[in-house]
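Summary of the model geometry
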Amino acid sequence: VVVQLEADKTKNVEILEMADKTIDKIHSNHDFFEKSSKEEEVNELLLAVDLGLKSGVSLFNSQGALVRYEQFYFQKNTLQRDAGNLIEHWQVDLNDEMTETDDHDDKPYKVTHIAIEGADGYMLRAWAAAAPNQSILRVSPDEWRSDLLLAKEKTSGATSKAAARLIARQVVEDFGMMERHSGKFPTDVAEAVVIGLYVARKLGWIHREPAVR
């Protein structure tokens, strides 16, 4: 386990990485997602999760659009079921919405990729069990921070989280299929949006340099 401890804020301990060899399905490498042997004709979706019982979740499509972002409050004993229901409901909702648009095609929208930041072994296993047919990737905080944040924004966990909230607003405005975000942006939801941006860029779904204005 690798943790980050801020000397001046002893209550702020952040888990950066945890090795759990029992989770074979979830990998953390730079190949990103392995190609499935059963490739089907679908419109691919990326679900990004800031892991926790209070969890931020975002959804991107393969055209690089932010489709959903929301905060959820899970219970540990029902997490697997609730995570599975979330994936299913967001897929159904999006497919229903897209059938009403002019640019609809026959390929269904399906969550094919899930990116997770977090180190709780129980919750990781619950998400893996809830998504047996999806490719799952673990993303460490250092990965997306080094790619998207300025040096001064990475000086502490607090400054990184503040930067994530600002970047998430920008992502909603630039790539969102919804109105500009108003009001407070919960940190876990903001980080889910930013993780989604980071992984969507790696997948080649979003092309913009620099990534952040």
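First, a word on scope: everything that follows refers to the structure included in this document. Given the structure is predicted, the values throughout are model-derived calculations rather than measurements.

Below, the discussion takes up the pattern of salt bridges. Tallying each qualifying case throughout the model produces eight salt bridges. Residue Asp-147 is joined to Arg-201 by a salt bridge in which the shortest nitrogen-to-oxygen separation is 3.6 Å. One end of the pair, Asp-147, is in helix α3 (residues 141-148); the other, Arg-201, is in helix α5 (residues 187-203), and 54 residues separate them in sequence. A residue is classified by how much of its surface remains accessible, and Asp-147, at 31% relative accessible area, is partly exposed. Residue class for Arg-201 comes out buried when judged on its relative accessible area of 18%. Glu-209 is the partner of Arg-201 in a salt bridge, and the nearest nitrogen-oxygen pair spans 3.2 Å. Salt bridges here are not isolated pairs; linked through shared partners, they connect Asp-147, Arg-201 and Glu-209.

Among soluble globular proteins, nonpolar side chains are generally buried collectively. Membership of the largest hydrophobic core comes to 32 residues, with the highest contact counts inside it found for Val-139, Trp-144, Leu-148, Val-171 and Phe-185. Take this core: its biggest share by element is nine residues, from α5. For Trp-144, the contacting residues outside a window of four places in its chain are Glu-117, Val-139, Leu-149, Ser-160, Ala-164, Glu-191, Val-194, Ile-195 and Tyr-198.

Locating Asn-61 in the fold gives a position in strand β4 (residues 54-61). By relative accessible area, which is 6% here, Asn-61 ends up buried. Only 3.0 Å separates the side chain of Asn-61 from the backbone nitrogen of Gln-63, close enough to count as a polar contact. When neighbours within four sequence positions are excluded, Asn-61 is seen to be in contact with Glu-44, Leu-45, Val-67, Met-177 and Trp-205.

Applying the stated criterion across every chain yields a total of four aromatic pairs. Plain terms: the ring middles of Tyr-69 and Phe-185 are 5.5 Å apart, the flat faces sit at 25 degrees to each other, and that makes the pair stacked. Of the two residues, Tyr-69 is situated in strand β5 (residues 66-73) and Phe-185 in the loop between α4 (157-175) and α5; the sequence distance between them amounts to 116 residues. Judged by its relative accessible area of 1%, Phe-185 falls in the buried class.

What counts, and at which threshold
Residues numbered from 1 in each chain as written. Predicted model: local features only at pLDDT ≥ 70, side-chain atom pairs only at ≥ 80, totals over all residues. Heavy atoms only, no water. Salt bridge = Lys/Arg side-chain N within 4 Å of Asp/Glu carboxyl O. Helix = DSSP H or I, 4+ residues; strand = E, 2+ residues; numbered from the N terminus. Buried < 20%, exposed > 50% of the residue type's maximum accessible area, 1.4 Å probe, protein only. Core = buried A, V, L, I, M, F, W, Y, C linked by side-chain atoms within 4.5 Å. Contact = heavy atoms within 4.5 Å. Polar contact = N/O pair within 3.5 Å; in protein donor to acceptor, adjacent residues only side chain to side chain. Phe/Tyr/Trp six-rings, centres within 6.5 Å; stacked < 30°, edge-to-face > 60°.

Purely geometric numbers; function is a separate question.
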